[in-house]
Amino acid sequence: MRMKAAVMYEQGLPAPYADSHPFHIEEVDLEGPGPGEVLVEVRAAGLCHSDLSQVAGLRKRKLPVVGGHEGAGIVREVGAGVTDLKPGDHVVMTVVSGCGHCRTCFTLRPALCQSVTLPRTQGLLANGACKLSLRGEPIYHYSGISAFAQYAITSPKSLVRIPDDVPLDVAAMFGCAVVTGAGSVFNTAKVAPGSSVAIFGLGGIGLNGLMAAKVAGASQIIGVDINEGKFALARELGATDVVNARDPKAVEHVRSITNGGVDIAFEMSGSFPAMTMANAITRRGGEIICVGLGATDAQFQYAHAGLVTEEKSFRGSFMGSCVPERDIPSYIEMYRQGRLPVDRLKSESIDFDRLNVSLDLLDRGEVVRQILLPHGSV
Ligand SMILES: NC(=O)c1ccc[n+]([C@@H]2O[C@H](COP(=O)([O-])OP(=O)(O)OC[C@H]3O[C@@H](n4cnc5c(N)ncnc54)[C@H](O)[C@@H]3O)[C@@H](O)[C@H]2O)c1
Ligand SMILES: [Zn+2]
Ligand SMILES: [Zn+2]
């Protein structure tokens, strides 16, 4: 089939993106689903900071590529052997899709499954297929999803069925922002009731972490950002304090209101100054959960003796250590109960023509989650 999609031919183009146009809106060809594949009509796709990092070239990708890695839509066709989904099902599209039969999958860590990660980094689907093309030349898949398109072929393991009454423009955010933010709190850190936590970066990921910390019963939730425009929403969603990371007294202030530092700091901005500050405001014996992602080869430094003598730990959290078919339905239920008001994070709906401008808004921190509607409406 022929469909509209946002294609990136080159990484590293400069901001403003409204002028450099990293995404070209093209009519591309998409092959139908083969065995073990699913055709999804993409109804909504979120714009994540990781998309901005790909545009900026921080992590190299196979090009040209159709962007987008969090989405929601409706199953339109299933390939041979797909039995757990059928046409008409509403689904969340997520990057995580384990093979189901390796050591990491058996230990419920599908986000780390090598046999899926390798083809994904080569721009292919988990089964090694490439289904996108333009004038006969291959176009690669982004993270096995490529949700900046009207349709997508994915592995069924990247899809989680959701109730039909969940608005798809909200559901899209569960594919990355919710699983990553909430999952880092529930799965990676296992925040206990009464904990004190700090969240660095009050964007799509950080605000989900913040809402999850509240659900987990954290007694102090300190939102940290360099953009004070993010503070009002953070407070409404459960931050007990908000701190400007650029305030020279910020570290001293957080250490004093937490009686020596937070139990757990979540770095959700992707900035090394935030990592340094997260370390400085974490109490002895505490943990720094590293969620933000920078350039592939970037190195971070810390005072090693302090790490040892204060028994601190830095821990990575990829896609919220999620098991999609276990976690997404439970996060959707929390949303329906009003405990995880993910809809509050949607800044605006956009169409293909606004995609490059939307990168600028995200880059300047003027929005939380912008949602692309590839068909013009949900
Ligand atoms: N680990 C994972 O699996 C995973 C998944 C998705 C995204 N990410 C990464 O998470 C990060 C956040 O993504 P997002 O979509 O929420 O981004 P976003 O742009 O919506 O939000 C980032 C926020 O960080 C703030 N910030 C920048 N520098 C800061 C500093 N020094 N201290 C405190 N706050 C600071 C910005 O003002 C902004 O509000 C990105 O690095 C992204 O690539 C990681
Ligand atoms: Zn993302
Ligand atoms: Zn596996």
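Each chain has its residues counted from 1, running along the sequence as written. Whichever chain is written first is A, and whichever ligand is written first is 1; the rest continue in order. The predicted nature of this model means local features are confined to residues of pLDDT at least 70 and side-chain atom pairs, given and counted, to a pLDDT of 80 or more, with totals for whole chains, interfaces and linings taken over all residues. Hydrogen atoms and water are omitted, and side-chain values are computed over all heavy atoms in the structure.

The protein is annotated in an unreviewed UniProt entry as Zn-dependent alcohol dehydrogenase of Ottowia thiooxydans. UniProt positions are given in the numbering used here, feature names are shortened, and annotations may be inferred rather than shown by experiment. The annotation that UniProt attaches to the protein under Sequence similarities (unreviewed entry) is "Belongs to the zinc-containing alcohol dehydrogenase family." Quoted verbatim from the Cofactor (unreviewed entry) heading of the UniProt record, the comment on the protein is "Zn(2+)".

## Here's the deal with the overall build of the protein
Counting from the N terminus, the helices are the DSSP runs of H or I reaching at least four residues and the strands are the DSSP runs of E reaching at least two. Within the protein one finds 13 helices and 18 strands. C-alpha atoms define the radius of gyration in this analysis, and the globule rule sets the expected value at 2.2 Å times the number of residues to the power 0.38. Since a compact globule built from 378 residues should have a radius of gyration of about 21 Å, the 20 Å found for the protein is in line with a globular shape. Dimensions along the principal axes, computed over C-alpha positions, put the protein at roughly 60 × 45 × 40 Å. Summary of the burial criterion: residues with accessible area below 20% of their type's maximum are buried, those above 50% are exposed, and those between are partly exposed, where the area comes from a 1.4 Å probe applied to protein chains only. In the protein, which comprises 378 residues, the proportion classed as buried is 57%. Contact definition: two residues touch when any of their heavy atoms are within 4.5 Å. The long-range fraction of contacts in the protein, counting pairs at least 24 apart against all pairs at least 6 apart in sequence, stands at 71%. For the purpose of charge, His is not counted, nor are the chain termini; Lys and Arg are scored as positive and Asp and Glu as negative. Taken as the charge location is NZ of Lys, CZ of Arg, CG of Asp or CD of Glu. Across the protein, 35 positive and 39 negative side-chain charges occur, with their mean positions spaced 5 Å apart.

## A few points about the packing of helix α6 (residues 177-188) against helix α12 (residues 324-336)
Orientation is described by axes fitted as lines to C-alpha atoms, over the contacting stretch for helices, and by angles from 0 to 180 degrees between their N-to-C directions. Packing of α6 against α12 leaves a shortest axis separation of 11 Å and a crossing angle of 95 degrees. Regarding the angle of α6 to α12, the classification is roughly perpendicular. Judged by residue contacts, Val178, Val179, Ala182, Gly183, Phe186 and Asn187 of α6 engage Arg326, Asp327, Ile328, Tyr331 and Met334 from α12. Among the residues forming the contact of α6 with α12, the class breakdown is seven nonpolar, two polar and two charged. Angular relationships are summarised with four words: roughly parallel below 35 degrees, roughly antiparallel beyond 145, roughly perpendicular across 65 to 115, and oblique for the angles in between. Each residue gets one label: Ala, Val, Leu, Ile, Met, Phe, Trp, Tyr, Cys and Pro are nonpolar, Asp, Glu, Lys and Arg are charged, and the others, such as Gly, are polar.

## Description of the coordination of the zinc ion (ligand 2)
For Na, K and Ca the donor cut-off is 3.2 Å, and for all other metals it is 2.8 Å, counting N, O and S atoms only; because water is absent from this set, sites may look incomplete. Taken together, the protein ligands of the zinc ion (ligand 2) are Cys48 (SG), His69 (NE2) and Cys176 (SG), with distances of 2.0 to 2.3 Å. For cysteine 48, a relative accessible area of 3% corresponds to the buried category. Classification of histidine 69 as buried rests on a relative accessible area of 4%.

## A short note on the site of ligand 1
The immediate surroundings of ligand 1 are formed by 29 residues, with His49, Ser50, Asp225, Met319 and Arg369 found nearest. Whenever a nitrogen or oxygen atom comes within 3.5 Å of another N or O atom, the pair is scored as a polar contact, on the condition that within protein one atom can donate a hydrogen and the other can accept it, and that pairs from neighbouring residues in sequence are kept only if both atoms are in side chains. Residue isoleucine 205 places a main-chain N or O atom 2.8 Å away from an oxygen atom belonging to ligand 1. In this structure, serine 271 approaches ligand 1 through a side-chain N or O atom, which is 3.0 Å from a nitrogen atom. Per-residue and other accessible areas follow the Shrake-Rupley method at a 1.4 Å probe size, with only the shown protein chains counted as cover for residues. The protein chains hide 93% of the 870 Å² of surface that ligand 1 would expose on its own. Nearness here has a simple test: a residue counts as near a molecule or strand if at least one of its heavy atoms is within 4 Å of that partner.

## Some details on the coordination of the zinc ion (ligand 3)
The protein atoms that coordinate the zinc ion (ligand 3) are Cys99 (SG), Cys102 (SG), Cys105 (SG) and Cys113 (SG), at distances spanning 2.3 to 2.4 Å. Metal-centred angles of 104 to 117 degrees between the four donor atoms at the zinc ion (ligand 3) mark the site as tetrahedral. Counting gaps between the donor residues of the zinc ion (ligand 3) yields the pattern C-x2-C-x2-C-x7-C. With respect to class, cysteine 99 is no different from cysteine 105; both count as buried. All geometry calls rest on donor angles, where a four-donor set with angles between 85 and 135 degrees is tetrahedral, four- and six-donor sets with opposite donors more than 155 degrees apart and all others between 65 and 115 are square planar and octahedral, and all else is irregular.

## What about the domain arrangement of the protein?
Splitting the protein by domain gives domain 1 (2-178 + 321-372) and domain 2 (190-316). For any pair of parts, buried area is found by adding up, for both, the accessible area (1.4 Å probe) each one loses once the two are put together. Between domain 1 and domain 2, roughly 1500 Å² of surface is buried when both sides are summed, and carbon and sulfur atoms account for 62% of that area. Its largest share of buried area at the contact with domain 2, domain 1 owes to Arg59, Arg344 and Leu345, together 34% of the area lost on that side. The working definition used for a salt bridge is a side-chain nitrogen of Lys or Arg within 4 Å of a carboxyl oxygen of Asp or Glu. For the pair domain 1 and domain 2, the interface holds one salt bridge. A salt bridge links arginine 344 to glutamate 236, with the shortest nitrogen-to-oxygen separation between them at 2.4 Å. Linking domain 1 with domain 2 are six residue pairs in polar contact (both at pLDDT 80 or more). Considered class by class, the residues forming the side of domain 1 that touches domain 2 number eleven nonpolar, two polar and six charged. Where each domain starts and ends comes from a domain assignment, either automatic or drawn from a database.

## Points about the environment of glycine 203
Among the structural elements, glycine 203 can be located in the loop between β11 (196-200) and α7 (204-215). With 164 residues separating them along the chain, glycine 203 and valine 367 place their C-alpha atoms 8.0 Å apart. Setting aside chain neighbours within four positions, we find glycine 203 in contact with Lys230 and Val368.

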